[in-house]
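Structure assessment
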Amino acid sequence: MKKSNYSKNNIFAEISSKTWKIILGVLGAGLILGAVAFFTYFRVERVEVMGCSHYTQDEIKEKVLRGPLAANSVLAPLFYTKKEVSGIPLVSGYTVTRINRNTICISVKEKRPVGCIPFLGNYIYFDRNGHFIHGSGERDETVPYFDGIEVKKVILNEKLPIKGKTVLNTAVALSTIFKKNETIPDHIRFDENYNISLEYGNITVSLGRDENLEEKMSRVVAIMPKIQGMSGILHMENISTNGNTFEAEQEEITAENWNGGYDENGEYTGYGEYDENGKHVGPKPMTELDYAIQAWKGGYDGEGDYTGAGEYDEYGNYTGPKPTQELIDSFGDWKGGYLEDGSFVGYGELDKDGNYVGPNPNEENSETVDEGDSYEDGGYDGGYGEGYGDGYDGSYDQGY
């Protein structure tokens, strides 16, 4: 039997080096063309972002899609999906998926803060486990803000050293209720006994201790529309209907908002102490002009005779002209004009209650120096003498 000469006459041995170069070149070109086609066909042209409320879509794209492979819709999900992230505040992880050959989607898993507390002029945000997850100089109005929770130090991603074992549980419970009812207050305060009060504008809701919070808040939600725009305290320390009272803040009665002027018979006199409905509202409050006229001691002329309009008191002391509404209006917000003895002169630096308020800021300084004025004592005559520049030896002479 004749032996095969295959091993001796291998077909690959008969291929010249030139041919090999051609073959390898064709294969290389094919790979390059294939790669170009692959990256062109699956080129990312659109990126969608889901599940992120703390960052804009552009910010998430910049933080997640870094590197050349991010431009390919097949490779991006393989290389850019991260279940755990430590470098992006309020983001615990994200997943990149391919929607179609030109579109990918970044699904963000956020860390959800349930509250924030003040710390060294900043806001410290914590999650439902009490871990510090983010710090900022600006407050997020969608996150409940707790006053009265104090910590001495904070470490990122570690539990806050909050004093009081139940305070954190209370804060988490309140945050859950606020989110459910969409009633986030402006402030949540804890006093030294851990009694809770909520502030909604000018209304304070006193919840008392951490008892029946959900039922209390359900009643708060029902009552708040009825007292909207008012000021006062809503007492919700217990769930008894009789105990839920609103203590309205009484508006200060002034001459401007006084609605009296009627007598007991309902007749308008201008000075009666009743309103048009017969309710006693007291005498009309004095105006700033009334107080000034009452405290003005003038009325005497320079000869000591009383005229009612003279600018001197009975002892001949100058008191200024009788106060007018025009004068009071010129003061603006300044409440001064009184002296230490309580008399009104228009330029005193005390108010009617004896409190120091300083000089009238509305008065312009009338002391001006004309360019032609000269000061002989100091040697100033409108110009500098010959000895000004070189004559100074570091000391002041007696004639200065």
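The structure we're discussing is the one just above.
Reading the values: rules and limits
Residues numbered from 1 in each chain as written. Predicted model: local features only at pLDDT ≥ 70, side-chain atom pairs only at ≥ 80, totals over all residues. Heavy atoms only, no water. Helix = DSSP H or I, 4+ residues; strand = E, 2+ residues; numbered from the N terminus. Buried < 20%, exposed > 50% of the residue type's maximum accessible area, 1.4 Å probe, protein only. Contact = heavy atoms within 4.5 Å. Areas by Shrake-Rupley, 256 points an atom, 1.4 Å probe, with all protein chains shown as cover. Core = buried A, V, L, I, M, F, W, Y, C linked by side-chain atoms within 4.5 Å. Pairing = 2+ DSSP bridges. Axes fitted to C-alpha atoms, helices over the stretch in contact; angles between N-to-C directions. Left-handed = near helix turned anticlockwise from the far one by under 90°. Nonpolar A, V, L, I, M, F, W, Y, C, P; charged D, E, K, R; others polar. Phe/Tyr/Trp six-rings, centres within 6.5 Å; stacked < 30°, edge-to-face > 60°. Lys NZ or Arg CZ within 6 Å of the ring centre and 35° of its normal. Salt bridge = Lys/Arg side-chain N within 4 Å of Asp/Glu carboxyl O. 1 Å grid on protein atoms, 1.4 Å probe; cavity = no way out; pocket = protein on both sides within 12 Å on 5 of 7 lines; lining within 4 Å. Points joined across faces, edges and corners; volume = space filled by probe spheres on them.

Here we take up the overall build of the protein. When helices and strands are tallied, the protein shows seven helices and 18 strands. Counting only residues that meet the buried cut, the protein has 31% of its 400 residues in that class. Considering only residue pairs separated by 6 or more positions, the protein has 40% of its internal contacts joining residues 24 or more positions apart. As displayed, the protein has an accessible area near 27,500 Å², and 49% of this comes from carbon and sulfur atoms.

Take the nonpolar core next. If you look at the biggest cluster of nonpolar residues, it comprises 34 residues, and the most contacted ones within it are F146, L198, V205 and L207. When contributions to this core are tallied by element, the ones reaching two or more residues are β4 (115-119), β5 (122-126), α4 (167-181), β8 (187-190), β9 (196-200), β10 (203-208) and α5 (213-223). Counting residues in each nonpolar core, the second largest holds 18 residues, with V47, Y55, Y80 and Y94 among its members.

Pairing of strand β13 (residues 261-262) with strand β14 (residues 268-272), which is carried by two bridges, proceeds in the antiparallel orientation. The residue bridging Y262 from the neighbouring strand is Y268, located in β14. Remark: five residues form the turn of the hairpin made by β13 and β14, two consecutive strands paired antiparallel; G266 in that turn has positive phi of roughly 85°.

Here we come to the sheet that holds strand β2 (residues 91-100). With mixed pairing, three strands are arranged side by side in an open sheet as β1-β3-β2. Here the strands that pair on one side only, and so sit at the sheet edges, are β1 (46-50) and β2. The average undirected angle you get between the axes of adjacent strands in this sheet is 20°. Relative to strand β3 (residues 103-110), β2 is paired through eight bridges, and the arrangement is antiparallel. Within the sheet, the bridge partner assigned to T95 lies in β3 and is S107. Contacts from helix α2 (residues 57-64) reach β1, β2 and β3 within the one sheet, and its direction differs from that of β1 by about 105°.

Right, let's talk about the packing of α4 against α5 for a bit. Their axes nearest at 10 Å, the elements α4 and α5 cross at an angle of 35°. For the crossing formed where α4 meets α5, the hand is right-handed. In contact with T170, L174, I177, F178, K180 and N181 of α4, α5 contributes L213, E214, M217 and V221. Classifying every residue of the contact of α4 with α5 gives six nonpolar, two polar and two charged.

Per the stated rule, a full pass over the model turns up 10 aromatic pairs. Summarising the aromatic geometry, the rings of F331 and F344 are spaced 6.4 Å apart at their centres and angled 45° between planes, so their arrangement reads as tilted. Taken together, the residues span a long stretch of sequence, with F331 in the loop between α7 (325-330) and β17 (337-338) and F344 in strand β18 (residues 344-348) at a distance of 13 residues. Pair check on accessibility: F331 and F344 agree, each one buried. Feature note: the residues F331, W334, Y338 and F344 constitute an aromatic cluster, connected by ring pairs. Just above the ring of Y41 sits the side chain of R101; from NZ or CZ to the centre is 4.3 Å.

Moving on: the sheet that holds strand β6 (residues 132-136). Read across the open sheet, the three strands follow the order β4-β5-β6; overall the sheet is antiparallel. Each of the sheet's edge strands pairs with one partner strand only, and the pair in question is β4 and β6. Pairs of neighbouring strands in the sheet enclose a mean axial angle of 30°, with direction left out of account. As judged from the five bridges shared by β4 and β5, these two strands associate in the antiparallel manner. Looking at the pairing, G115 lines up with F126 of β5.

Let us now look at the pattern of salt bridges. Tallying each qualifying case throughout the model produces nine salt bridges. Taking the shortest distance from any N to any O, the salt bridge between E215 and R219 comes out at 3.6 Å. Here the residue E215 and the residue R219 both occupy positions in helix α5, the gap between them amounting to four residues, near one helical turn. You can call R219 partly exposed: its relative accessible area is 24%. Each of D147, R189 and E199 takes part in one network of salt bridges that share partners.

The next thing to look at is the layout of surface pockets. Put simply, the second largest pocket is a space of about 430 Å³. Considered class by class, the residues forming the lining of the second largest pocket number five nonpolar, five polar and five charged.

A separate point is the pairing of β8. With burial as the criterion, only one face of β8 is covered, namely that bearing I188 and F190; the residues H187 and R189 on the opposite face remain uncovered. Here two bridges tie strand β7 (residues 146-147) to β8, and the two strands are oriented parallel to one another. From the neighbouring strand, F146 faces β8, where its bridge partner is I188. Pairing geometry for β8 and β9, over four bridges, is antiparallel. Note that in β9 the partner of H187 across the bridge is E199.

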